[in-house]
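Read off the chains here:
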Amino acid sequence: MKVLGICGRDVADDALERTADRIVDRLSREGRVGVIWYDATIADGTPELRDPSITPGGDVTYDLGADGDWTATGTDLSVSDALDTFAGDCAYAVVVGVESLRYPTVLVGESDDRPRSTVATVPTPADLDLEAIVETLEDAEPHETLESLVARVKRSPDADRAGAIATFTGRVRAKDSTDDARTEYLEFEKYEGVADERLESLRTDLEDRDGVYAVELFHRTGVVRDGEDIVFVVVLAGHRGEAFRTVEDGIDRLKDEVPLFKKEVTVDDEFWVHERA
Amino acid sequence: MEWKLFADLAEHAGDRHVAVDAEPGETVGDALDDLLADRPALADRVLEDGELRSQINVLRNGKDVRSQEDGLETELEDGDELALFPPVSGG
């Protein structure tokens, strides 16, 4: 799933809505689009009922219709959680009103104070170059989760013959031992192009094994914070034996062969990990 | 020719992309000499007794010149992309 942010600077009230409307219309021609409207003033996650004297319980509420249409209210959902829930079945997500998004962002209005991830600045919604936005998203790093990759291998044409899915998740370890300086984040640099070629050739190598039907590999780049996931390997196979072996070989070979470089930033130091290995 | 440098090698060189004078027909080793000529910090990092350290990777158009080509003797062609990087550390 590709993610696009939209932010505004001193623009008319409806400018963000009209910008999102044009962009979502265009992206909908390519695939399913999830939209997140961030509004810091929302402070009540309870649904509106027909009888206002009744306050229903429950921390999350889905109102479901017969054909699968729904609305929802609830508490304790972050922007990143919402993106994770979209990632399983959306091709795109549009996030409106979040300043610190790590995904490409369109800025509406004139300002020198741009989010770092800004890829386009337009004075008004009418000035958007929608085709350029679609192109930018094509090259952008996708938002993937373990669940989105598992969902993808399950859609494999050979899924009928597969009785096993094995997965590996690599995540940022805050401490190697109790007195270790706490890791705040890792920053990954990638050899653009070559890293993707090697991941793809590793993927096809693993898929060529007997009894292995689908393999997905994903590695984040840029800043990955303490506790966040970095890398996923997902294998769909006939039986558990080849699933376990392939997932282990997959992460081992990824770590050996793909040109990615890790800088570690702890509470009191900063270093390239290969220099300490 | 242009070199792409990664991780601490880019920091030692002061840049991620460095253009050098080596021409098609010359070798990857010539392009490496051009790169290191006026970058003592980088030379110190990647060379040991005048030889390229074994853990430093050299790629030409995505291929490892040691295992897939003729090492530093590999001949340059027009439009080649050269890369120099330390041991990889993904995951």
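Attention shifts here to the overall build of chain A. Across its full length, chain A holds 6 helices and 14 strands. C-alpha extents for chain A along the principal axes are approximately 55 × 50 × 45 Å. Sequence separation of at least 24 residues holds for 70% of the intrachain contacts in chain A that already meet a minimum separation of 6. Taken as a whole, chain A presents about 15,800 Å² of accessible surface, with 45% of it coming from carbon and sulfur. Counting 32 positive and 63 negative side-chain charges, chain A places the averaged centre of each group 4 Å from the other.

Given two aromatic rings, one states the distance between the centres and the angle between the planes to describe the pair. In this structure the tally under the stated criterion is 6 aromatic pairs over all chains. On the numbers, 4.6 Å between centres and 40 degrees between planes, the contact of Tyr191 of chain A with Phe6 of chain B is tilted. Within this pair, whereas Tyr191 of chain A is found in the loop between strand E9 (183-190) and helix H5 (194-207), its partner Phe6 of chain B is found in the loop between strand E1 (2-5) and helix H1 (7-13), the two belonging to separate chains. With respect to class, Tyr191 of chain A is no different from Phe6 of chain B; both count as buried. Each ring, one from Tyr191 of chain A and one from Phe85 of chain B, has its centre 6.3 Å from the other, and the planes form 75 degrees; the classification is edge-to-face. Separated into two different chains, Tyr191 of chain A in the loop between E9 and H5 and Phe85 of chain B in strand E7 (residues 81-85) make up a pair that spans both. The exposure classification of Tyr191 of chain A matches that of Phe85 of chain B, with both residues buried. An aromatic cluster is defined as three or more aromatic residues linked by ring pairs; in this entry it consists of Tyr191 and Phe261 of chain A together with Phe6 and Phe85 of chain B. Taking NZ or CZ as reference, Arg276 of chain A lies 3.8 Å from the ring centre of Phe271 of chain A, over its face.

In a disulfide, the sulfur atoms of two cysteines are held together by a covalent bond. Residue and element names in this part refer to chain A. Scanning all chains against the criterion turns up 0 disulfides over all chains. Cys90 supplies the cysteine sulfur nearest to Cys7, a cysteine that is in no disulfide, at a spacing of 20 Å. The class for Cys7 is buried, based on a relative accessible area of 1%.

Residues and elements named next belong to chain B. Overall, mixed pairing links the 5 strands, which are arranged E2-E1-E7-E5-E6 in an open sheet. The sheet is open, and its two edges are formed by strand E2 (17-19) and strand E6 (63-64), each paired on a single side. In terms of strand pairing, E1 meets E2 through 3 bridges, oriented antiparallel. Opposite Lys4, over in E2, you have His17 as the bridge partner.

Residue and element names in this part refer to chain A. An order of E2-E5-E1-E6-E7 is seen for the 5 strands of this open sheet, with the pairing classed as parallel. On the outer flanks of this sheet lie strand E2 (33-37) and strand E7 (118-122), each paired with one strand and no other. Here the average twist between neighbouring strands, direction ignored, is 20 degrees. Both strand E1 (residues 2-8) and strand E6 (residues 105-108) contribute to a ladder of 4 bridges, which runs parallel. The residue bridging Ile6 from the neighbouring strand is Val106, located in E6. Against the sheet, helix H2 (residues 79-87) touches E1, E2 and strand E5 (92-96), its axis set at about 165 degrees to E2.

Overall, the predicted model of chain B reaches an average pLDDT of 96, with 100% of residues at or above 70. Confidence metrics for the complex model read pTM 0.90 and ipTM 0.95.

With that out of the way, let us pick up a negative patch on the surface. Together, Asp59, Asp76, Asp81, Asp84, Glu147 and Asp229 of chain A make up a region of like negative charge exposed at the surface. Residue placement: Glu147 of chain A occurs in helix H4 (residues 146-154).

Below, the discussion takes up the interface of chain B and chain A. Each partner contributes residues to the interface: chain B has 20 residues there, and chain A has 21 residues. Considering only the surface of chain B that becomes buried against chain A, Val88, Ser89 and Gly91 of chain B emerge as the three largest contributors, covering 34% of it. At the junction of chain B with chain A, the criterion picks out 3 salt bridges. A salt bridge links Glu11 of chain B to Lys263 of chain A; its shortest N-O distance comes to 3.1 Å. Counting the contacts that link chain B with chain A gives 12 residue pairs in polar contact (both at pLDDT 80 or more). For the side of chain B that touches chain A, the secondary structure elements donating two or more residues are E1, H1 and E7 of chain B.

The subject of this paragraph is the pattern of salt bridges. One pass over the full model with this rule turns up 29 salt bridges over all chains. Note that Arg203 of chain A is salt-bridged to Glu200 of chain A, the shortest N-O span being 3.1 Å. Note that Arg203 of chain A and Glu200 of chain A are positioned in helix H5 at a spacing of 3 residues, about one turn of the helix. According to the relative accessible area criterion, Glu200 of chain A is partly exposed, its value standing at 38%. In this structure, Arg39 of chain B engages Asp38 of chain B in a salt bridge whose closest nitrogen and oxygen atoms are separated by 3.2 Å. For Asp38 of chain B, a relative accessible area of 57% corresponds to the exposed category. Because the salt bridges share partners, they merge into one network encompassing Arg60, Glu69, Glu77 and Asp80 of chain B.

Reading the values: the criteria
Residues numbered from 1 in each chain as written. Chains lettered and ligands numbered in written order. Predicted model: local features only at pLDDT ≥ 70, side-chain atom pairs only at ≥ 80, totals over all residues. Heavy atoms only, no water. Helix = DSSP H or I, 4+ residues; strand = E, 2+ residues; numbered from the N terminus. Contact = heavy atoms within 4.5 Å. Areas by Shrake-Rupley, 256 points an atom, 1.4 Å probe, with all protein chains shown as cover. Lys, Arg positive; Asp, Glu negative; His and termini not counted. Charge placed at Lys NZ, Arg CZ, Asp CG, Glu CD. Phe/Tyr/Trp six-rings, centres within 6.5 Å; stacked < 30°, edge-to-face > 60°. Buried < 20%, exposed > 50% of the residue type's maximum accessible area, 1.4 Å probe, protein only. Lys NZ or Arg CZ within 6 Å of the ring centre and 35° of its normal. Disulfide = S-S within 2.5 Å. Pairing = 2+ DSSP bridges. Axes fitted to C-alpha atoms, helices over the stretch in contact; angles between N-to-C directions. pLDDT = per-residue confidence, 0-100. Patch = residues over 30% accessible without salt bridge, like charges linked within 9 Å, V, L, I, M, F, W, Y side chains within 5 Å. Salt bridge = Lys/Arg side-chain N within 4 Å of Asp/Glu carboxyl O. Buried area = accessible area lost by both parts, 1.4 Å probe. Polar contact = N/O pair within 3.5 Å; in protein donor to acceptor, adjacent residues only side chain to side chain.

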